[in-house]
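# Summary of the model geometry
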Amino acid sequence: MNLDTALNRVSEVTEAVDLGDHQPTYPDFPLDEYRTRYARLVALMDQFGVDALVLTQEEPVKYLSGYNSVIWAVGKWLPGALLATRDPKDAVLIPSAFDVGAAAGSSWVANVDGHSGAEDLVDKIDSHLDRLGLDRGRVAIERSEGSIVMLPLESALSLHGLVPASTPDAALMVSILRMLKSPAELDRLRRVVRATTAGYQVALDNARIGMTEKDIVAMVASKLYEKGGTAGTRPLFLNAVAGPDRYPLVDSPASDRELRNGDILFLDGGAGGDGYMSDIIRIAAFGDITPEAETFAAAALDANKAMVDSAAPGITVQDLYQAGQDVYVAEGLGEFGGALSGHGIGMELWERPFIKLHDDPDDNVRLRPGMVICIEPILAPVVDGQLAGIFVFEQQVAITEAGNEVLSGDLEVKLWRAS
């Protein structure tokens, strides 16, 4: 499926659908939000040739049904599912019997059918497919990279046995929908990004030699939650590494290692706010750093700026990726540029589209208003056989009709200095 073609179809949908009469007590969004989302889903069902989707992951279930519960955090023990049918009034939400109250109180879906265990969940899906007379060859389940069936192995195999292996990928369909954020989603993203930049600001302003990586993360987290980060199923995602012994462990959690003269601190991540994610990167120099490190940081700044300046409706993600790599090539650093220079973001830290070179031209989507992306052209130079640092600045950017809005723009993009 060509993603641009699918996005064009989704963008054409302006009329909402009737979800039925059930009014949840505490909906996550106003019901008009779900009416539009579901109308777009039905349009994709036409394109993919399916009549129903079976969804078991938090994000697609919550996105379409509104089912909002911290039970998703223990979903491996208490799984749930949504049977999303062409007529939303036939949709069935199947949470654990333990969580029927939260499902009925937060979701617009009228038919909430609690299960007693993973095998019972699959049996209920099977029964509802029969009851609705659905052709199993036109039922999509989650199949693709970036998705899983949130069930134990035996139950997942049973679920796969309900439909032919050739049926479309339900996860891809919902992923396409989620690439285009509504104004209400954008508001949530703005709020959580502002909270994250506030946390970074405090930490970077107060970072000193002798502090630990964990000290830096603690400062970020404290201010972030004070300014609007919220508790839920999306915990704080934040890593901080500094110094030659730590650079190769760039994605590891912060440690008790103390910051030393000559270190470059790599600070990456964010947190959730009302179900939506933030993700930014800044780097900081501690004391005296090498001239080479200054050069690498300047190149990373230039690459980020080139990409942000290029991020506008119509540009493909490959061309956006190339805008950053061209800077590194011009600086003689092309061999050290990363293979991925960004990603979509929303309910998850990584979403489509991915800013990289794509083997499949169908994945090389054009940016369009409503997309929110994280731009992070990575530079990982090796000097004398040793990784010299991770030099990258990450900005969270919303694509608009006029170009873009840098959601993280209130935190200066520079090589921060600490003494």
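Let me sum up the structure you'll find in this document. As the structure is a prediction and not an experimental result, all values here were calculated from the model.

## Some details on unusual backbone geometry
The peptide bond linking arginine 352 to proline 353 adopts the cis configuration, its omega dihedral lying at 0 degrees. Residue position: proline 353 is located in strand β12 (residues 351-356). In this structure, aspartate 274 is a non-glycine residue whose phi angle is positive, near 50 degrees. When you line up the elements, aspartate 274 lands in the loop between β8 (272-273) and β9 (276-277). Residue classification places aspartate 274 among the partly exposed positions, given a relative accessible area of 36%. The phi torsion at aspartate 384 lies on the positive side, around 55 degrees, for a residue other than glycine.

## Observations concerning helix α10 (residues 291-310)
In this model, α10 (20 residues) spans 29 Å end to end at C-alpha, consistent with the 28 Å of a helix rising 1.5 Å per residue. Here α10 has its buried residues at Ala293, Phe296, Ala297, Ala299, Ala300, Ala303, Asn304, Met307 and Val308. The buried side chains of α10 occupy one side of the element, clustering within an arc of 165 degrees when seen end-on. Summarising the geometry of α10, the exposed residues directed more than 90 degrees from the buried face are Pro291, Lys305 and Asp309.

## Points about the side chain of lysine 181
Inspection of the secondary structure assignment puts lysine 181 in the loop between α7 (170-178) and α8 (183-206). In this structure the side chain of lysine 181 is engaged in a polar contact, spanning 2.8 Å, whose partner is the backbone oxygen of arginine 178. A distance of 3.0 Å separates the side chain of lysine 181 from the backbone oxygen of isoleucine 345, its partner in a polar contact. Those residues in contact with lysine 181 that lie beyond four places of it in its chain are Leu186, Leu189, Ile345, Gly346, Glu351, Gly370 and Val372.

## Focus: the nonpolar core
Judged by nonpolar contacts, the single largest core of 67 residues is most densely connected at Leu53, Ile176, Leu367 and Ile373. Per element, the largest residue contribution to this core is eight residues, and it comes from helix α2 (residues 31-48). Non-local contacts of isoleucine 176, meaning those with residues more than four positions away in its chain, are made with Leu3, Ala6, Leu7, Val10, Leu44 and Phe48. Formed by 25 residues, the second largest nonpolar core is a distinct cluster that contains Tyr247, Val250, Ile283 and Leu415.

## Remarks on the packing of helix α5 (residues 118-131) against helix α6 (residues 153-160)
Contact geometry of α5 with α6 gives a least axis separation of 9 Å together with a crossing angle of 10 degrees. Judged on the interaxial angle alone, α6 and α5 are roughly parallel. Judged by residue contacts, Ala118, Glu119, Val122 and Ile125 of α5 engage Glu154, Ser155, Ser158 and Leu159 from α6. Residues of the contact of α5 with α6, tallied by class, amount to four nonpolar, two polar and two charged.

## What to know about the sheet that holds β12
If you trace the five strands from one edge of the open sheet to the other, you get β12-β11-β13-β16-β17, paired in antiparallel fashion. Because the sheet does not close on itself, it has two edges, and the strands there are β12 and β17 (403-406). On average, each strand axis in the sheet is tilted by 30 degrees relative to the strand beside it, whichever way the strands run. The strands touched by α8 are β13 (372-375), β16 (395-400) and β17; relative to β16, the strand with the most contacts, the crossing angle is about 155 degrees.

## Thoughts on the pairing of β16
In terms of residue burial, β16 counts as a mostly covered element, since five of its six residues are buried. Where β13 meets β16, four bridges bridge the pair, whose relative direction is antiparallel. By the bridge assignment, isoleucine 375 is partnered in β16 with glutamine 395. Bridge count between β16 and β17: four bridges; the pairing is antiparallel. Looking at β17, one finds that alanine 398 is bridged to glutamate 405. Hairpin connection between β16 and β17: a loop of two residues separates the two successive antiparallel strands.

## What to know about the environment of leucine 265
Along the chain, leucine 265 falls in strand β7 (residues 264-270). Here leucine 265 falls in the buried class, since its relative accessible area comes to 0%. With 126 residues separating them along the chain, leucine 265 and phenylalanine 391 place their C-alpha atoms 9.5 Å apart. Residues in contact with leucine 265, not counting those within four places in the same chain, are Ile216, Ala240, Val241, Ala242, Leu259, Arg282, Ile283, Ala284 and Phe286.

## Some thoughts on the environment of alanine 170
With respect to the element layout, alanine 170 can be found in helix α7. The class for alanine 170 is buried, based on a relative accessible area of 0%. Along the sequence, alanine 170 and isoleucine 141 sit 29 residues apart, while their C-alpha atoms lie 4.8 Å from each other.

## Concerning the sheet that holds strand β4 (residues 111-112)
The sheet built from five strands is open, its strands ordered β4-β3-β2-β1-β5 with mixed pairing. Two strands in the sheet have a free side with no partner beyond their single neighbour: β4 and β5 (139-141). Here α7 sits on the sheet in contact with β1 (52-55) and β5, set at roughly 95 degrees to β1.

Definitions and cut-offs
Residues numbered from 1 in each chain as written. Predicted model: local features only at pLDDT ≥ 70, side-chain atom pairs only at ≥ 80, totals over all residues. Heavy atoms only, no water. Helix = DSSP H or I, 4+ residues; strand = E, 2+ residues; numbered from the N terminus. Buried < 20%, exposed > 50% of the residue type's maximum accessible area, 1.4 Å probe, protein only. Expected span 1.5 Å × (residues − 1). Arc of directions from axis to C-beta. Polar contact = N/O pair within 3.5 Å; in protein donor to acceptor, adjacent residues only side chain to side chain. Contact = heavy atoms within 4.5 Å. Core = buried A, V, L, I, M, F, W, Y, C linked by side-chain atoms within 4.5 Å. Axes fitted to C-alpha atoms, helices over the stretch in contact; angles between N-to-C directions. Parallel < 35°, antiparallel > 145°, perpendicular 65-115°, else oblique. Nonpolar A, V, L, I, M, F, W, Y, C, P; charged D, E, K, R; others polar. Pairing = 2+ DSSP bridges.

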